[in-house]
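Residue-level listing of the chains:
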Amino acid sequence: MKNDRIPPQSPGDQALSRGIRGYALAIRALLLGAAACTVLFLLNLILWNRTGTAFLWLCGVVPLIFLTGWAASRQKQLIWNHLGGEIHQQIEERFGPALQEPGMVIDEALIRQGAMIPCPWEESRITENRVGLYHGLRFFAANVELVHEYDAMMNREGVTDVLRETVFSGSCLAVEARRPFPAAFRVLPGEDGAFTGDPAFDRRFSVSADDPRAARELLTPERRALLLEIADLHPVSFAFLEDRVLLALSGPPRFLAIGSDIDVKNIDTLRQSFRRSLDHTAAILDILARDDRLHPTGEKGNAV
């Protein structure tokens, strides 16, 4: 008879579960409080046009939002304190120790150079920057959020406020080219006629290049197949720069991160989610390793 009993948690995992549940309940209560304050403010504004309650609303909501952020950061820190050593070991087993390489960093300048995000943005949040070596591929990656700010009309009196919209949330992954690309070009999601003459590719991607002829020569059948294979794994945009290829991977799973939809109270699920993040990044790097301009020996592929 099959034993379906769940193995008991270690004392450390049990203590972590209790701490996570406590912070989760606090976060939920704080968010409900902020929502209640907002509803009361809107009712006053719509029914009685009492714009003066905005001050009271700010006095109530801002502290609640601050405390919510504090509780979330403490919950994350609790998880990291318990699983940090285990996570570091898994990262180094898969990608080797973190390297310190000048110029190999995901930052605003590189993201703007890649020009893969069509929407305007003014603010960035970049975390988990890491440089590594994977089966001969020198890569660096980070999690990225890009935010656009704009003015919007808020009520009948014409009062305006600055609204914030996240225009990109995901990861950026860059791989160093062992043989330079003689022309820079970008491969973005969206149909673009018949740029390459390959219907399967042209239905999925549009190509932006200062030298379209050179871009067509570099988009060989082998390289197009690699890009399509990555796109089947994850929504992606590519920027082929002279000395590297930059990928903007929209949405989850993020780089070296636990999924946002995971029940953090389940410790085993936390571990599995992080391993899936490692596996996902490794799968993309395995595909890129078949490109001869990226892999140092050229033994794993032939993309020219």
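Please read all numbers here as calculations on a predicted model, not as lab measurements.

Colleague: Describe the pattern of salt bridges, with residues and values.
Modeller: For the coordinates displayed, the defined rule picks out 11 salt bridges. Glu-149 serves as the salt-bridge partner of Arg-164, at 2.8 Å between the closest nitrogen and oxygen. Residue Arg-164 is located in strand β3 (residues 160-176), and its partner Glu-149 is located in strand β2 (residues 137-153); the two are separated by 15 residues in the primary sequence. For Arg-164, a relative accessible area of 48% translates into the label partly exposed. Residue Asp-291 pairs with Arg-223 through a salt bridge whose shortest N-O separation is 2.7 Å. Here Arg-223 lies in helix α6 (residues 221-233) and Asp-291 lies in the segment after α7 (267-288), a separation of 68 residues in the sequence. Each member of the pair, Asp-291 together with Arg-223, is buried. Each of the salt bridges in this network shares a partner with another, and the network as a whole consists of Glu-123, Glu-149 and Arg-164.

Colleague: Requested: an account of the nonpolar core, with residues and values cited.
Modeller: Across soluble globular proteins, you tend to see nonpolar side chains buried next to one another. Of all hydrophobic cores here, the largest spans 44 residues; its most connected members are Val-187, Leu-247 and Leu-288. Element by element, the count of residues in this core is highest for α7, at 7 residues. Judged by nonpolar contacts, the second largest core, of 20 residues, contains Leu-110, Ile-111, Met-116 and Trp-121.

Colleague: Before we move on, could you go through a nonpolar patch on the surface and cite the residues and values that matter?
Modeller: There is a patch of nonpolar side chains on the surface, built from Phe-66, Leu-67 and Trp-70 and spanning about 350 Å² of accessible area. Along the chain, the position of Trp-70 falls in helix α2 (residues 53-95). Here Trp-70 falls in the partly exposed class, since its relative accessible area comes to 46%.

Colleague: So, the pairing of strand β7 (residues 244-250): which residues are in play, and what are the values?
Modeller: β7 sits mainly inside the fold: 6 of its 7 residues count as buried. Two successive antiparallel strands, strand β6 (residues 236-240) and β7, enclose a turn made up of 3 residues.

Colleague: Provide a residue-level description of α6, including the pertinent values.
Modeller: Across its 13 residues, α6 extends 19 Å between first and last C-alpha, which sits within 8% of the 18 Å expected from 1.5 Å per residue. Every buried residue of α6 is listed here: Arg-223, Arg-224, Leu-226, Leu-227, Leu-228, Ile-230 and Ala-231.

Colleague: So what's going on with unusual backbone geometry? Which residues, and what values?
Modeller: With an omega of -5 degrees, the peptide bond running from Pro-252 to Pro-253 counts as cis. When you line up the elements, Pro-253 lands in the loop between β7 and α7. Residues other than glycine seldom take positive phi values, yet Ala-115 does so here, at roughly 50 degrees. Mapped onto the elements, Ala-115 comes out in the loop between α3 (108-114) and β1 (123-134). With relative accessibility at 44%, the residue Ala-115 sits in the partly exposed group.

Colleague: Tell me what's going on with the packing of α6 against α7, and back it up with residues and numbers.
Modeller: To characterise two packed helices, one gives the angle between the axes of the helices and the distance between these axes. It is the contact of α6 with α7, at a shortest axis distance of 9 Å, that shows an interaxial angle of 170 degrees. Judged on the interaxial angle alone, α7 and α6 are roughly antiparallel. The segment α6 lies against α7, with Leu-226, Glu-229, Ile-230 and Leu-233 engaging His-280, Ala-283, Ile-284, Ile-287 and Leu-288. Here the residues of the contact of α6 with α7 are counted per class, giving 7 nonpolar, 1 polar and 1 charged.

Colleague: Account for the packing of aromatic side chains, with residues named and values stated.
Modeller: For the coordinates displayed, the defined rule picks out 7 aromatic pairs. Centroid distance Phe-95 to Phe-139: 5.4 Å. Interplanar angle 70 degrees. Geometry classified as edge-to-face. A residue pair is termed long-range when its members are at least 10 positions apart, and Phe-95 in helix α2 and Phe-139 in strand β2 qualify at 44 residues. Of the two residues, Phe-95 and Phe-139, both sit in the buried class. Taken together, Phe-181, Phe-185, Phe-201, Phe-205, Phe-238 and Phe-240 form an aromatic cluster joined through their ring pairs. The ring of Trp-121 has Arg-112 lying over it, and the distance from NZ or CZ to the ring centre is 3.6 Å. Arg-216 extends its terminal NZ or CZ atom over the ring of Phe-195, reaching a point 4.3 Å from the ring centre.

Reading guide: rules and limits
- Residues numbered from 1 in each chain as written.
- Predicted model: local features only at pLDDT ≥ 70, side-chain atom pairs only at ≥ 80, totals over all residues.
- Heavy atoms only, no water.
- Salt bridge = Lys/Arg side-chain N within 4 Å of Asp/Glu carboxyl O.
- Helix = DSSP H or I, 4+ residues; strand = E, 2+ residues; numbered from the N terminus.
- Buried < 20%, exposed > 50% of the residue type's maximum accessible area, 1.4 Å probe, protein only.
- Core = buried A, V, L, I, M, F, W, Y, C linked by side-chain atoms within 4.5 Å.
- Patch = residues over 30% accessible without salt bridge, like charges linked within 9 Å, V, L, I, M, F, W, Y side chains within 5 Å.
- Areas by Shrake-Rupley, 256 points an atom, 1.4 Å probe, with all protein chains shown as cover.
- Pairing = 2+ DSSP bridges.
- Expected span 1.5 Å × (residues − 1).
- Axes fitted to C-alpha atoms, helices over the stretch in contact; angles between N-to-C directions.
- Parallel < 35°, antiparallel > 145°, perpendicular 65-115°, else oblique.
- Contact = heavy atoms within 4.5 Å.
- Nonpolar A, V, L, I, M, F, W, Y, C, P; charged D, E, K, R; others polar.
- Phe/Tyr/Trp six-rings, centres within 6.5 Å; stacked < 30°, edge-to-face > 60°.
- Lys NZ or Arg CZ within 6 Å of the ring centre and 35° of its normal.

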